[in-house]
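Take a look at the letters that make up each chain.
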Amino acid sequence: MTQGARANKSGNILEGNVEAILNGHNYFQVGNHVTKEFLLTATLLPRRYAKQVYIGAGIYQTSLKVDFYVVGLSVMPSGLIIECKWQESGGSVDEKFPYLDLNIQYNYPAPTIVVIGGEGMREGAVKWLKQQVNFNQNLLAVFSLDRFIAWANKHC
């Protein structure tokens, strides 16, 4: 298996854990690769989510999809976006944090949590992203998987 394939598989495992947490809190998946409009109008399921949701154009004016878009949290009427970032060994995921932060700030239609996994990110990269919570009012938190579980247990 190539390094890229291994990284992709590990990222999918992180997303699978987030999905299990949502399911455990009685959220139901309504689709993959859907638009935010579809998700927001699928009102038959009050607690729902979709994966790879198209939300519009990003800072480069290209199509922008988010890992999870969750609807049904009473304190977040516009929904919650969850992004998953995994880096097991040296690579470029952490180099994309400024791009992610700017898109969250200017283009994401709902508050966002970033779930971080793996130990391969450069020293200071995760710390930098966590500091952006102070400046980016749309970035709610940057969590490890275990901290996300704790947050979900209190808020979902």
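Preceding this paragraph is the structure being described.
Residues numbered from 1 in each chain as written. Predicted model: local features only at pLDDT ≥ 70, side-chain atom pairs only at ≥ 80, totals over all residues. Heavy atoms only, no water.

S.K.: So what about the nonpolar core? Which residues, and what values?
M.R.: A general feature of soluble globular proteins is that nonpolar side chains tend to end up buried together. In this structure, Tyr69, Tyr108 and Val114 are the most contacted members of the largest nonpolar core, which totals 23 residues. Of all the secondary structure elements, the ones that give two or more residues to this core are strand 2 (48–57), strand 3 (63–71), helix 3 (97–106), strand 5 (112–117), helix 4 (125–131) and strand 6 (139–144). Looking at this core element by element, the count peaks at four residues for strand 3. Formed by 21 residues, the second largest nonpolar core is a distinct cluster that contains Leu14, Val18, Cys84 and Trp151. (Core = buried A, V, L, I, M, F, W, Y, C linked by side-chain atoms within 4.5 Å. Buried < 20%, exposed > 50% of the residue type's maximum accessible area, 1.4 Å probe, protein only. Helix = DSSP H or I, 4+ residues; strand = E, 2+ residues; numbered from the N terminus.)

S.K.: Explain unusual backbone geometry to me, using residue names and the numbers behind them.
M.R.: Within the chain, Asn26 stands out as a residue other than glycine whose phi angle is a positive 65 degrees. Within the secondary structure, Asn26 sits in the loop between helix 1 (3–24) and strand 1 (28–32). A positive phi angle, close to 55 degrees, is found at Gln52, a residue other than glycine. Within the element layout of this structure, Gln52 appears in strand 2.

S.K.: Describe the environment of Val142, with residues and values.
M.R.: For Val142, the position within the fold is in strand 6. By relative accessible area, which is 8% here, Val142 ends up buried. For the pair Val142 and Gln131, spaced eleven residues apart in sequence, the C-alpha to C-alpha distance is 9.1 Å.

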